[in-house]
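# Fold and geometry: a report
Each chain is listed here by its residues.
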Amino acid sequence: MKSQDVRKQFLDFFASQGHLIVPSAPIVLKDDPTLMFNNSGMAQFKEYFLGNATPKSNRIADTQKCLRVSGKHNDLEDVGFDTYHHTMFEMLGNWSFGDYFKKEAINWAWQLLTEVYKIPKENLYVSVFEGNAEENVPFDQEAWDIWKELIDEDRIILGNKKDNFWEMGDQGPCGPCSEIHVDLRTAEEKAAVSGKSLVNNDHPQVVEIWNNVFMEFNRKADGSLEKLPAKHVDTGMGFERLCMALQGVTSNYDTDVFTPLIKKVEQITGAKYTTNDVILSASEESQNKTNIAIRVIVDHVRAVAFAIADGQLPSNTGAGYVIRRILRRAIRYGFTFLDIKEPFVNQLVAVLANQMGEFFPEIKLQETFVTNVIREEEASFLRTLDQGLQLLDKVIADTKKALPSEGLGRISGAKAFELYDTFGFPKDLTALILKEKGMSFNEAEFDASMQAQKARSRAASEVSTEDWSVLIPGNVETFVGYDQTENEAKITRIRKVDSKKDGVLYQIVLDNTPFYPEGGGQVGDKGTLVSANETIEIIDTKKENNLILHFTKQLPENIEASFVAKLNTELRTLTSRNHSATHLMHQALRSILGTHVEQKGSLVNSNYLRFDFSHFAKMTDTELQQVEDFVNARIQEQLPLIERRNIPFAQAVEEGAMALFGEKYGDHVRAIKFGESMELCGGIHVKNTAEIWQFKIVSEGAVAAGIRRIEAITSDAVKAFYATQENTLNEVKVALKNPQDILKAVHSMQEENSKFKKEIENLVKEKIEGLKNILVTEFQEINGVNFLSKQVNLSMSATKDLAMAIGSATPSSFVFLASIEDGLPNIHCFISKELVSQKGLNAGNVIRELGKFIDGNGGGQPFFASGKGKNVSGIKEVLEKAIDFVK
């Protein structure tokens, strides 16, 4: 059965049982501060389980893209080494929100697996929760009784809290679960060892495929459990593992989910993958490493490609860092074990798009963009690897100097970690290179450095969140901020949050609020809560699980009082101008650069706007001016805001509204229109473009592969910008002694400078010629080589010219010159071409080796190379060491 059919049959089955089929949410979470990525099927439904929103149906089914690479659920380091862990995977799930419970969930699971998919009953085992006396949660008798009507009791296993009690996190909805495991071993293996003994013991062919979670409890901050007001069902079945069971193979990677990708890797690299059916001996270690590398690559490209398609670009922080780390792991496995030194992972995107584009259209629509981003990231990391190799060479050289000549050398584990942490240089690649040189590194030190960094990271991000104190039960929260800047409000719930970063803060939820929560790139509103007796400052507003949270540093003395919630209208007004200008600029970019331009990120606050967009070339000055002129023309047209609230998503898109990839839209949306600009947006906007006053671009540059960033200002910030420009112009006038024609004065000064520059160049040439005539008399003849090593008092470029001049004028010459410019050392090496060919000398190698003594690096061609450093005191040793290359 093909994987596409496996997915379809699952969804068709639950549709026939009255479930609404919904699309996968984006793999990257943008509105949940507790998670970077969707790490389970239930993540997109958290607000329903928490009772903060009402689902469109009480029965839902879907297949959800998931990513498990950080936090509590982190499978990254297992990927490749076994045949069933993945970074990205699909989770098939059916959900009940206060509707059906254990009986229906268990019976449907059994019916689907045994009657629709026709998995033999004798290959299945199930587990139920054994209970936990400490938490006063009893043995799940109900699940046991349901299962024993379907399966022999000797195939039912009792599971402990670790295996059979599922929790969303340290706090929140949770409950006992019942897992279904499949035994894929041969008949001979089953006869020898019972599958029952292998359940939950990490056996690669006895694996869990489905988990039925019965959410009955809420985990409180103190660790205690309380009953939820309604019972829910949350199930998840691993799509890749299910395909393995249905396609008669014993590895996820041998299914058609992965085989097209594996074939492409084989085609690119020339390597051959061995399926799981072939047993490799210990002597076939090389093939094992090849298999692991290929598994890593085909797994990781899925995670990276879908994350980029959903709007998360590789970067150095947060979720972007995780994506970059996954991609770099794939690259370096190809680099180390498949001997691929050029970008290649990007070539797999087309295969992935063709394979999964029908059900996940985002990967097909974004195929070119994803391919280009990955290609640029690969090229960048391969350059980083080259840097790391040079740094590792220096560490090795320094270590050997400090060690006796005999015995095995070990470099510092802290140094190896520095290479890993700063340059992304992999630990196992460091070990491999050291092994080739008869060395190793101190792994205990490396691990200690890693743990210390993790501890620092945990401490910096550690947050303690208390339970909600509910003052007004029920979901009574209403946002009124599109129409009002202040309103009367009551507090419905509060909680305390303590973090290393921000200290103690309080989160307040109001029954009615004009405060816009951070989202869609727009910052959260600030303002005050005012009662008859006091004023509480609201320092930020965010959204979490469909609740609008108002952050304060203190609670009101009387939390049950009536309040007036008042926005800081000055900040709100400036922010709305920048937000509306962002929409106009988006329209301008698509009009001027082309419709390939898509928003990839934004920040809108009261001071400026920042907009990231897909484009693979630096914008010209003309293009930037055209964008400015386009936006300012729309401002001058005084276009009114046309706001469409609560219209069907399909209707809005049909009418021309732009929907952004990676955003999660509901069935009904809000559309914002200014003239021909129409976007889906929940943010705050001006009533008329005239309120923006003026738009000015202040910078444009690259932020990632294929991503450009524009920063711009509007309104009061533009006035301040022009005032600063005018002040600068006045200061220039004073510096030029107030000429009548300032432009003429500047041109005159430029002409004088040009004349002086030429005179200086002529003087330097004369100085170089004079030094050349002196230095050619100082050559030493060593082993048939005319050798010269000297420090000179010239600029870096002049020293380079001098080295070339001396070397070119002298046969069989080896010239090494050093100088200091702006307090930093530089070195240059010229080697006659006959020495390069006859003696195998290489100027680039000389510079790389001697550059270590001045804490620098460099390179060039075999006959000439240059380098720069930081340590001036190393020049003396460099000049003395140069002679070693010709002795």
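Everything below is about the structure shown above.
Residues numbered from 1 in each chain as written. Predicted model: local features only at pLDDT ≥ 70, side-chain atom pairs only at ≥ 80, totals over all residues. Heavy atoms only, no water.

## What to know about the overall build of the chain
Assigned secondary structure in the chain consists of 25 helices and 38 strands. Its C-alpha atoms give the chain principal-axis dimensions of about 100 × 80 × 50 Å. Among the 887 residues that make up the chain, the fraction classed as buried is 51%. Across the chain, the fraction of contacts at a sequence separation of at least 24, relative to all contacts at a separation of at least 6, is 68%. Both charge centroids of the chain, one from 100 positive and one from 123 negative side chains, sit 4 Å from each other. (Helix = DSSP H or I, 4+ residues; strand = E, 2+ residues; numbered from the N terminus. Buried < 20%, exposed > 50% of the residue type's maximum accessible area, 1.4 Å probe, protein only. Contact = heavy atoms within 4.5 Å. Lys, Arg positive; Asp, Glu negative; His and termini not counted. Charge placed at Lys NZ, Arg CZ, Asp CG, Glu CD.)

## Comments concerning helix H18 (residues 621-636)
Over its 16 residues, H18 runs 22 Å from end to end, which matches the ideal 22 Å to within 8%, given 1.5 Å per residue. Here H18 has its buried residues at Leu624, Val627, Glu628, Phe630, Val631, Asn632, Arg634 and Ile635. Check the buried side of H18 and you find it contacts helix H17 (569-592), strand E31 (695-704) and strand E32 (707-714). Positioned one or two residues after H18, Gln638 has a phi angle of 55 degrees, which is positive. (Expected span 1.5 Å × (residues − 1).)

## Here we look at the sheet that holds strand E33 (residues 780-782)
A sheet is described by the order of its strands in space; here six strands give the open sequence E33-E34-E35-E36-E38-E37, paired in mixed fashion. In this open sheet, the two strands that pair with only one neighbour each are E33 and strand E37 (857-860). Recorded for the sheet is a direction-independent mean angle of 20 degrees between the axes of neighbouring strands. With five bridges joining them, strand E36 (residues 824-831) and strand E38 (residues 864-868) adopt antiparallel strand pairing. Residue pairing for E38: Cys829 is matched across the bridge by Ala865. (Pairing = 2+ DSSP bridges. Axes fitted to C-alpha atoms, helices over the stretch in contact; angles between N-to-C directions.)

## Details of the pattern of salt bridges
One pass over the full model with this rule turns up 41 salt bridges. Measuring nitrogen to oxygen at the nearest pair gives 2.5 Å for the salt bridge that ties Lys65 to Glu362. One end of the pair, Lys65, is in strand E2 (residues 59-67); the other, Glu362, is in helix H12 (residues 361-365), with 297 residues separating them in the sequence. Here the two residues Lys65 and Glu362 agree in accessibility, since each one is buried. As a salt-bridge pair, Lys790 and Glu778 come within 3.0 Å of each other at their nearest N and O atoms. Residue Lys790 is found in strand E34 (residues 785-791), and its partner Glu778 is found in the loop between helix H21 (742-775) and E33; the two are separated by 12 residues along the sequence. Residue Lys790 is classed as partly exposed on the basis of its relative accessible area, which comes to 30%. Take Glu778: its relative accessible area is 31%, and that puts it in the partly exposed class. (Salt bridge = Lys/Arg side-chain N within 4 Å of Asp/Glu carboxyl O.)

## Quick look at the side chain of Lys102
In this structure, Lys102 sits in helix H3 (residues 102-116). In this structure Lys102 touches Asp140, Glu142, Ala143, Ile146, Phe214 and Glu216, once residues within four positions along its chain are discounted.

## Remarks on the pairing of E2
Of all nine residues making up E2, eight are buried, and the element is well covered by its neighbours. Across two bridges, strand E1 (residues 20-21) lies against E2 in parallel orientation. Opposite Ile21, over in E2, you have Ala61 as the bridge partner.

## Side note on the state of the cysteines
By the definition in use, this model includes zero disulfides. Unpaired in this structure, Cys174 has its nearest cysteine sulfur neighbour in Cys177, at a distance of 11 Å. Among the residues examined, Cys174 registers a relative accessible area of 0% and is labelled buried. The thiol of Cys243 is not disulfide-bonded; the next cysteine sulfur, from Cys66, is found 15 Å away. (Disulfide = S-S within 2.5 Å.)

## What to know about the packing of aromatic side chains
One pass over the structure, following the stated rule, counts 32 aromatic pairs. Between Phe139 and Trp144 the ring centres are 6.0 Å apart and the planes differ by 65 degrees, which places this aromatic pair in the edge-to-face class. What makes Phe139 partly exposed here is its relative accessible area of 29%. Residue class for Trp144 comes out buried when judged on its relative accessible area of 16%. Ring geometry for Tyr253 against Phe258: centres 4.7 Å apart, planes inclined by 40 degrees, an arrangement best described as tilted. (Phe/Tyr/Trp six-rings, centres within 6.5 Å; stacked < 30°, edge-to-face > 60°.)

## Topic: the pairing of strand E6 (residues 124-129)
Taken across its six residues, E6 has six buried, putting it largely inside the fold. Neither face of E6 is left uncovered, since the one carrying Leu124, Val126 and Val128 and the one carrying Tyr125, Ser127 and Phe129 both have all their residues buried. The pairing of E6 with strand E9 (residues 172-183) spans four bridges and is classified as antiparallel. The residue bridging Ser127 from the neighbouring strand is Glu179, located in E9.

## As for the nonpolar core
Counting 121 residues, the largest nonpolar core has Tyr117 and Trp210 as the members making the most contacts within it. Setting aside residues up to four positions removed in sequence, Tyr117 forms contacts with Met1, Val6, Gln9, Phe10, Leu112, Met237, Leu242 and Leu246. Counting residues in hydrophobic clusters, the runner-up holds 27 residues, among them Leu609, Phe611, Phe630 and Cys681. (Core = buried A, V, L, I, M, F, W, Y, C linked by side-chain atoms within 4.5 Å.)

## Points about the packing of H3 against helix H4 (residues 141-148)
Two quantities define a packed helix pair, namely the angle between the helix axes and the distance between the axes. The geometry of H3 relative to H4 is characterised by a closest axis approach of 10 Å and an angle of 35 degrees between their N-to-C directions. Taken as a pair, H3 and H4 cross one another with a handedness that is right-handed. Along the contact surface, H3 presents Lys102, Lys103, Ile106, Asn107 and Trp110, while H4 presents Glu142, Ala143, Ile146 and Trp147. Split into classes, the residues belonging to the contact of H3 with H4 amount to five nonpolar, one polar and three charged. (Left-handed = near helix turned anticlockwise from the far one by under 90°. Nonpolar A, V, L, I, M, F, W, Y, C, P; charged D, E, K, R; others polar.)

## Thoughts on a nonpolar patch on the surface
Together, Phe756, Ile760 and Val764 line one region of the surface with nonpolar side chains, adding up to about 260 Å² of accessible area. One can find Ile760 in helix H21. (Patch = residues over 30% accessible without salt bridge, like charges linked within 9 Å, V, L, I, M, F, W, Y side chains within 5 Å. Areas by Shrake-Rupley, 256 points an atom, 1.4 Å probe, with all protein chains shown as cover.)

## Quick look at the environment of Met42
Among the secondary structure elements, Met42 is positioned in the loop between E1 and helix H2 (46-49). Take Met42: its relative accessible area is 2%, and that puts it in the buried class. Residues Met42 and Met168, spaced 126 residues apart in sequence, show a C-alpha to C-alpha distance of 8.6 Å. Leaving out residues up to four positions away in the same chain, Met42 has contacts with Phe49, Trp95, Trp166, Met168, Met215 and Asp234.

## Here we look at the sheet that holds strand E28 (residues 642-648)
Here we have three strands laid out as an open sheet, ordered E28-E29-E30, and antiparallel in their pairing. Looking at strand neighbours, the two that pair on one side only are E28 and strand E30 (677-680), the edges of this open sheet. Going from strand to strand, the sheet's axes swing by 20 degrees on average, the running direction of each strand aside.

## Remarks on the environment of His232
Locating His232 in the fold gives a position in strand E11 (residues 225-238). In this structure the C-alpha to C-alpha distance between His232 and Ala397, which are 165 residues apart in sequence, comes to 63 Å. Beyond its immediate sequence surroundings of up to four residues, His232 is in contact with Phe49, Ser96, Phe97, Gly98, Phe101, Val213, Phe214 and Met215. Here Gly98 takes part through its backbone nitrogen, which lies 3.1 Å from a polar atom of the side chain of His232. (Polar contact = N/O pair within 3.5 Å; in protein donor to acceptor, adjacent residues only side chain to side chain.)

## With respect to the side chain of Asn826
Assignment of secondary structure puts Asn826 in strand E36. By relative accessible area, which is 1% here, Asn826 ends up buried. A distance of 2.8 Å separates polar atoms of two side chains, one belonging to Asn826 and the other to Ser819. Among the polar contacts listed, one links the side chain of Asn826 to the side chain of His828, at a separation of 2.8 Å. What Asn826 contacts, discounting residues up to four positions off in sequence, is Met796, Thr799, Leu817, Ala818, Ser819, Ile820, Glu821, Gly867 and Lys868.

These results come straight from atomic positions and should not be treated as a statement about function.
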